[in-house]
Amino acid sequence: ENGFSSGIYTEIGLLHRLQEDFENSIMNYKKEIAESITNDGIPGIGCMKAVNNLAVIRKKEKNVTKAIELYKLALWLNSNYFEAYLGIAGLLDDFNLVLKCIARAFRIRPEDPAIHTILKMASTAFDIEEGRLIDELNTVLPEVDLARPLEELKIEKPKGVLDDM
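Residues numbered from 1 in each chain as written. Predicted model: local features only at pLDDT ≥ 70, side-chain atom pairs only at ≥ 80, totals over all residues. Heavy atoms only, no water.

Peer 1: Provide a residue-level description of helix α2 (residues 22-35), including the pertinent values.
Peer 2: Under the 1.5 Å per step criterion, the end-to-end length of α2 is 20 Å for 14 residues, consistent within 8% with the ideal 20 Å. Taken residue by residue, α2 has Ser25, Ile26, Asn28, Tyr29, Glu32 and Ile33 as its buried positions. Relative to the axis of α2, the buried residues are bounded by an arc of 165 degrees and lie together on one face. Lining the buried residues of α2 we find α1 (8-18) and α3 (48-60). (Helix = DSSP H or I, 4+ residues; strand = E, 2+ residues; numbered from the N terminus. Expected span 1.5 Å × (residues − 1). Buried < 20%, exposed > 50% of the residue type's maximum accessible area, 1.4 Å probe, protein only. Arc of directions from axis to C-beta. Contact = heavy atoms within 4.5 Å.)

Peer 1: Which residues make up the pattern of salt bridges, and what values do they have?
Peer 2: This structure, assessed with the given rule, holds eight salt bridges. The partner of Glu61 in a salt bridge is Arg58, with the nearest N and O atoms 2.8 Å apart. Put simply, Glu83, Arg109 and Asp112 are held in one network by salt bridges that share partners. (Salt bridge = Lys/Arg side-chain N within 4 Å of Asp/Glu carboxyl O.)

Peer 1: Mind laying out the packing of helix α6 (residues 95-108) against helix α8 (residues 130-140), listing which residues take part and the relevant values?
Peer 2: Where α6 contacts α8, the axes come no closer than 9 Å and their chain directions differ by 70 degrees. Taken together, α6 and α8 sit at an angle that is classed as roughly perpendicular. Together, Phe95, Leu99, Lys100, Ile102 and Ala103 of α6 and Leu133, Glu136, Leu137 and Val140 of α8 make up the contact between the two elements. Classifying every residue of the contact of α6 with α8 by side-chain character gives seven nonpolar, no polar and two charged. (Axes fitted to C-alpha atoms, helices over the stretch in contact; angles between N-to-C directions. Parallel < 35°, antiparallel > 145°, perpendicular 65-115°, else oblique. Nonpolar A, V, L, I, M, F, W, Y, C, P; charged D, E, K, R; others polar.)

Peer 1: Help me get a handle on the packing of aromatic side chains, residues and values and all.
Peer 2: In this description, a pair of aromatic rings is defined by centroid distance and the angle of the planes. Summed over the entire model, instances satisfying the criterion amount to one aromatic pair. Ring plane angle 70 degrees and centroid distance 5.2 Å describe the contact between Phe95 and Phe126, whose orientation is recorded as edge-to-face. Here Phe95 is found in helix α6, whereas its partner Phe126 is found in the loop between α7 (114-125) and α8, with 31 residues between them in sequence. (Phe/Tyr/Trp six-rings, centres within 6.5 Å; stacked < 30°, edge-to-face > 60°.)

Peer 1: Break down α8 for me, with residues and values.
Peer 2: Three or more residues of α8 are buried, namely Leu133, Leu137 and Val140. Taken end-on, α8 shows its buried residues confined to a sector of 60 degrees, consistent with a single buried face. The elements touched by buried residues of α8 are α6 and α7.

Geometric descriptors of this kind do not, in isolation, establish any biological role.
The following block contains the structure:
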């Protein structure tokens, strides 16, 4: 039902990625994703980390469109995936949507130091003082509902995922 996925190809892909061997990293992530395909042709939740890591590579390659697509796929698999929210927040150019992604990540893991890193990046990207950004974040936090996906990201059921990763 969720597609078989052992996680081994994700780990091998990560080792290659850390060595900046992106070609072999991508190959392993795609193997993990292919193994997780369910009967209806959609990846299972077991490949969520591989999808997110593939998005990281596409981001490093400056393929923003593909990275966003992959982060959205990871969020379709798990609408509360902390790393995917941080990753996509670093790519979007809509301040309010970035703020909502950061707020959601904060609700998921409020003590994670990566929250402060993404706040600094957003502060620089949107030319806003970090203190003011935190004030804005505090106004958005009460609206965060972890029981529902973040609708503003317009995440749709994936189709043909392996075609163009």
